[in-house]
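What the coordinates show
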Amino acid sequence: MKNLLTTEEESILLETLKERFEAYPERHPQLSWSEVEHKLLENPKKLWSLFQMEKSAGEPDIVIIDADKKQYAYIDCAEESPKGRRSLCFDERALNERKENKPIGSAVEEAKKMGTELLSEEQYRQLQMLGEFDLKTSSWIQTPDPIRKLGGALFCDRRYNHVFTYHNGAISYYAARGFRTILFI
């Protein structure tokens, strides 16, 4: 069946996620692994999406987005923008508009294929409160419609111990720019 893992893939993924969960307790101080594992096992499609995040070098880990609502999410916590998701323009429209030297795909479409979505600027900034990410790379983020309608797209990185949000043409792509995703559980 599509979008489901084999028993072996599921077992390996859960062990990897558990090891990461235990290695970075500051990312989820109010959670226990058994609580998280239970939620994941209830939804095999979420496991499949996490497998895609892991397979593309995202190093997903669970973080608390809103403690009051008990809203949890897996976010790509790789130090740099995931290696398996770089050199992509922003979205399908940008890919279609690019006439020469087209990249192999777009960040928004690849995230959709994984069953995830790009981080918003707020989520990206929350991630940066948990560590220092994208010191050498940058990551596309969700872009407001008015900016996108004019051909632009937003991306973020961390330089000089500060998180920056920038703009670029959505058709652009760079070897050091990828995208990070979020998956709510």
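The structure this text deals with has already been given above.
Since the structure is predicted, the reported quantities are computational estimates derived from the model, not experimental observations.

Once that is clear, we can look at the pairing of strand 6 (residues 162-169). Relative to strand 6, strand 5 (residues 152-159) runs antiparallel, the two being bridged by eight bridges. Within strand 6, the position partnered with cysteine 156 by the bridge is threonine 165. Once strand 5 ends, the chain turns through two residues before running back antiparallel as strand 6, passing tyrosine 160 with a positive phi of about 55°.

What follows deals with the sheet that holds strand 3 (residues 117-118). Pairing within the open sheet is antiparallel, and its four strands lie in the order 1-2-8-3. The sheet terminates laterally at strand 1 (60-66) and strand 3, the two strands that pair on one side only. The sheet contacts of helix 2 (residues 33-42) involve strand 1 and strand 2 (71-76), and relative to strand 2 the element is tilted by about 85°. Against the sheet, helix 3 (residues 44-55) contacts strand 1, strand 2 and strand 8 (181-184), and its axis sits at roughly 160° relative to strand 8.

Moving on to the nonpolar core. Of all hydrophobic cores here, the largest spans 34 residues; its most connected members are Leu40 and Tyr74. Tallying contributions element by element places helix 3 first for this core, with five residues. Apart from the residues within four sequence positions on either side, leucine 40 is in contact with Leu14, Leu17, Trp33, Leu47, Leu50, Tyr74 and Ile185. Ala73, Cys77, Ile141 and Val163 belong to the second largest nonpolar core, which has 14 residues in total.

Every regular strand shows the same layout, with side chains that alternate between the two sheet faces. With six of its seven residues buried, strand 1 lies for the most part within the structure. By the bridge criterion, six bridges tie strand 1 to strand 2 in an arrangement that is antiparallel. By the bridge assignment for strand 2, aspartate 61 is matched with isoleucine 75.

Applying the stated criterion to the full structure yields 10 salt bridges. With a shortest N-O distance of 3.0 Å, arginine 180 and aspartate 134 are connected by a salt bridge. Taken together, the residues arginine 180 in the loop between strand 7 (177-179) and strand 8 and aspartate 134 in the loop between helix 6 (121-128) and strand 4 (138-140) connect sequence positions 46 residues apart. By relative accessible area, arginine 180 is classed as buried at 0%.

So, on to helix 1 (residues 7-23). Between its first and last C-alpha atoms helix 1 spans 24 Å; for 17 residues at 1.5 Å apiece the expected length is 24 Å, and the two agree. Within the span of helix 1, buried status applies to Leu13, Leu14, Leu17, Arg20 and Phe21. Down the axis of helix 1, the sector holding all buried residues measures 130°, keeping them to one side. Every exposed residue of helix 1 that faces more than 90 degrees away from the buried side is listed here: Thr7, Glu8 and Ile12.

For the rest of this paragraph, the subject is the sheet that holds strand 5. The strand order across the open sheet formed by four strands is 6-5-4-7, and the pairing between neighbours is mixed. With partners counted over all chains shown, the strands left at the sheet margins are strand 6 and strand 7, one partner each. Across the sheet, the axes of successive neighbouring strands diverge by a mean angle of 35°, strand direction being ignored. One ladder, built from three bridges, connects strand 4 with strand 7; its direction is parallel. Looking at strand 7, one finds that tryptophan 140 is bridged to phenylalanine 179. Sheet strands in contact with helix 6 are strand 4, strand 5 and strand 6, and its direction is about 145° off that of strand 6.

The geometry of helix 2 relative to helix 3 is characterised by a closest axis approach of 5 Å and an angle of 105° between their N-to-C directions. Judged by the angle between their axes, helix 2 and helix 3 are roughly perpendicular. Facing helix 2, whose interface residues are Leu40, Leu41 and Glu42, helix 3 presents Pro44, Leu47 and Leu50. Looking at the contact of helix 2 with helix 3 residue by residue, the classes come out as five nonpolar, no polar and one charged.

The rules we used
- Residues numbered from 1 in each chain as written.
- Predicted model: local features only at pLDDT ≥ 70, side-chain atom pairs only at ≥ 80, totals over all residues.
- Heavy atoms only, no water.
- Pairing = 2+ DSSP bridges.
- Helix = DSSP H or I, 4+ residues; strand = E, 2+ residues; numbered from the N terminus.
- Contact = heavy atoms within 4.5 Å.
- Axes fitted to C-alpha atoms, helices over the stretch in contact; angles between N-to-C directions.
- Core = buried A, V, L, I, M, F, W, Y, C linked by side-chain atoms within 4.5 Å.
- Buried < 20%, exposed > 50% of the residue type's maximum accessible area, 1.4 Å probe, protein only.
- Salt bridge = Lys/Arg side-chain N within 4 Å of Asp/Glu carboxyl O.
- Expected span 1.5 Å × (residues − 1).
- Arc of directions from axis to C-beta.
- Parallel < 35°, antiparallel > 145°, perpendicular 65-115°, else oblique.
- Nonpolar A, V, L, I, M, F, W, Y, C, P; charged D, E, K, R; others polar.

Everything listed here is a matter of geometry and, on its own, says nothing about what the molecule does.
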